[in-house]
Amino acid sequence: MKPKLLLIYDYFYPAYKAGGPVQSLVNMARSLQNFYDISVITGASDLNDSAMLKGITPDAWNKVKLPGSEQSVAVWYASPGKLQKSKLRELFAAIKPSIIYINGMFSLDFVVRPLQAAGHTKTVVCPRGMLQQGALQGKRLKKQVYLAAVKLAGVFRNTSWHATNQEEKGDIQKQFGANARISVAENIPKPPLQYVKTSNKSAGKLRLIYLSLISEKKNLLQAIELVAASGKKVTLDIYGPVKDKAYWDACEQKINSAPGNIRYHGDVIPELVQSKFEEHDALILLTKGENFGHALYECFSAGRPVITSFYTPWNDLEKKQAGWNVDINESAQIRKTLEHVRDMNSEDFNAYCNNAHALASSYFQRSGDVNVYRSMFRAD
């Protein structure tokens, strides 16, 4: 009989608007289905949506087939206010999980209460970059108060931790001590496209895409300002859900004053992300901090280079001829980079496309060892 693995996060498939953490969890669940009997407790709505997810029955168990899998997972989609500690205990008693895996950090319903209700069941928490310095700057005071309160209450006292890289291990130790029990296991991403579609980029033109959540952390506003100043030879297509309405309002004002070279197209479902990258020359994501950067990886996996900051795991890109890392505090440098990429011919640019795909393929092969996860979930 397979051990029972219970996953808990605010959002799960078919939700997608919360971005990378959802994709990380879905990819992990799909990869581990042959080894674990997987159940999920999640919310019944997507990020910033009041409507229930389509095709689900709230406050009940649903059989859900994940994209790319023929096996079902059992998913409990909790409607707002229904996930009290008593309900969690009831669900835990019914599932009898061997391991409870909690995705995220700053949630009463999906982090604090599950940890309080877990009893002696082994729990593993993955912050998914939420303890990164850049991530802690948004709503800083609220997060400081939250962290102080959960430490005082001992909420994470018996927790094991999943860090997706060495930097995140350091972030966890900074908050919860050098003796915290931490396993390091890289994100399991979706496979790269089998073939790289040749780019038809021409010298003197550049078709950029932004595909990510729209929030201050992702720094879309700076990208808009730089592209607007670059003239009509550089275009920017924006895709992604709005997480921060006030921030998006500021972005829209800049778009409206641009010379018609910037457009917003709304959301993209995860299954179409790689094909959207194929339609463009490069991704621009001047992020203030990424734990992994699913958008970056998926752009590489579609055979397209990226223009991004140094605040991601994807550095030395120009040396690898797979993209360009820029200093987001130096707008003049970024403008020069955009001009350089704009003026590249198709032959030189396609070399970057091929190297981007090779970078993603190398990461996918390295991260595909599910035994690292099985070791992390082994009972203490």
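In what follows, the accompanying structure is described. All residue numbers here refer to positions counted from 1 along the written sequence of the relevant chain. Only residues with pLDDT of at least 70 get local features here, since the model is predicted, and only at 80 or more are side-chain atom pairs given and counted; chain-wide, interface and lining totals rely on the full set of residues. By convention in this description, side-chain values take in all heavy atoms of the structure and omit both hydrogens and water.

### With respect to the pattern of salt bridges
- In the sections that follow, a salt bridge refers to a side-chain nitrogen of Lys or Arg positioned within 4 Å of a carboxyl oxygen of Asp or Glu. What the rule picks out here adds up to 15 salt bridges.
- With its nearest N and O atoms 2.8 Å apart, the salt bridge here joins glutamate 290 to lysine 218. Of this pair, glutamate 290 sits in the loop between β12 (282-285) and α10 (294-301) while lysine 218 is found in the loop between β9 (206-211) and α7 (220-228), placing the two residues 72 residues apart along the sequence.
- Any residue under 20% of the maximum accessible area for its type is buried, any over 50% is exposed, and the rest in between are partly exposed; the area is computed with a 1.4 Å probe on protein chains only. Lysine 218 gets classed as buried once you look at its relative accessible area, which sits at 11%. Numbering of helices and strands runs from the N terminus; a helix is a DSSP stretch of H or I covering at least four residues, while a strand is a stretch of E covering at least two.

### A closer look at the packing of aromatic side chains
- The rule is short: rings of Phe, Tyr and Trp, with Trp giving its six-membered ring, pair when the centres are within 6.5 Å, and they are stacked under 30 degrees, edge-to-face over 60, tilted in between. A complete count under the given rule lists 18 aromatic pairs for this structure.
- Grouping aromatic residues by their ring pairs yields a cluster made of Phe292, Tyr297, Phe300, Trp314 and Tyr363.
- Lysine NZ or arginine CZ positioned within 6 Å of the ring centre and within 35 degrees of the ring normal marks a charge as sitting over the ring. The cationic tip of lysine 143 hangs over the ring face of phenylalanine 106; the distance from NZ or CZ to the ring centre is 5.4 Å.
- Over the ring of phenylalanine 176 we find lysine 151; its NZ or CZ atom is 5.6 Å from the centre of that ring.

### Quick word on the sheet that holds strand β8 (residues 181-184)
- Reading across the sheet, the eight strands line up as β3-β4-β2-β1-β5-β6-β7-β8 and stay open at both edges, with mixed pairing between neighbours. Each having just a single partner strand, β3 (61-65) and β8 make up the two edges of the open sheet. Neighbour-to-neighbour, the strand axes of this sheet turn through a mean angle of 25°, independent of strand direction.
- DSSP bridges decide pairing: two strands pair if at least two such bridges lie between them. Bridge count between strand β6 (residues 122-126) and strand β7 (residues 160-163): two bridges; the pairing is parallel. Paired with valine 125 across the strands is tryptophan 161, a residue of β7. Each axis is a line fitted through C-alpha atoms, and for a helix only the stretch in contact is used; angles between axes span 0 to 180 degrees, taken between their N-to-C directions.

### Considering the packing of α7 against helix α8 (residues 245-256)
- With their axes 9 Å apart at the nearest point, α7 and α8 run at an angle of 5° to one another. In terms of axis orientation, α7 runs roughly parallel to α8. Across the interface between the two elements, Leu220, Leu221, Ile224 and Glu225 of α7 pack against Tyr247, Trp248, Ala250, Cys251, Lys254 and Ile255 of α8.
- Residues of the contact of α7 with α8, tallied by class, amount to eight nonpolar, no polar and two charged. Each angle receives one of four descriptions, namely roughly parallel if under 35 degrees, roughly antiparallel if over 145, roughly perpendicular if within 65 to 115, and oblique otherwise. Contacts are residue-level and defined by heavy atoms, with any inter-residue pair within 4.5 Å sufficient. Three categories are distinguished: nonpolar for Ala, Val, Leu, Ile, Met, Phe, Trp, Tyr, Cys and Pro, charged for Asp, Glu, Lys and Arg, and polar for the others, with Gly belonging to the last.

### Focus: the environment of alanine 118
- Position of alanine 118 among the secondary structure elements: in the loop between α3 (108-117) and β6.
- Between the C-alpha atom of alanine 118 and that of lysine 85, which follows or precedes it by 33 residues, the distance is 9.6 Å.
- Residues in contact with alanine 118, not counting those within four places in the same chain, are Phe92, Ile100 and Thr123.

Honestly, it's all geometry; don't read function into it.
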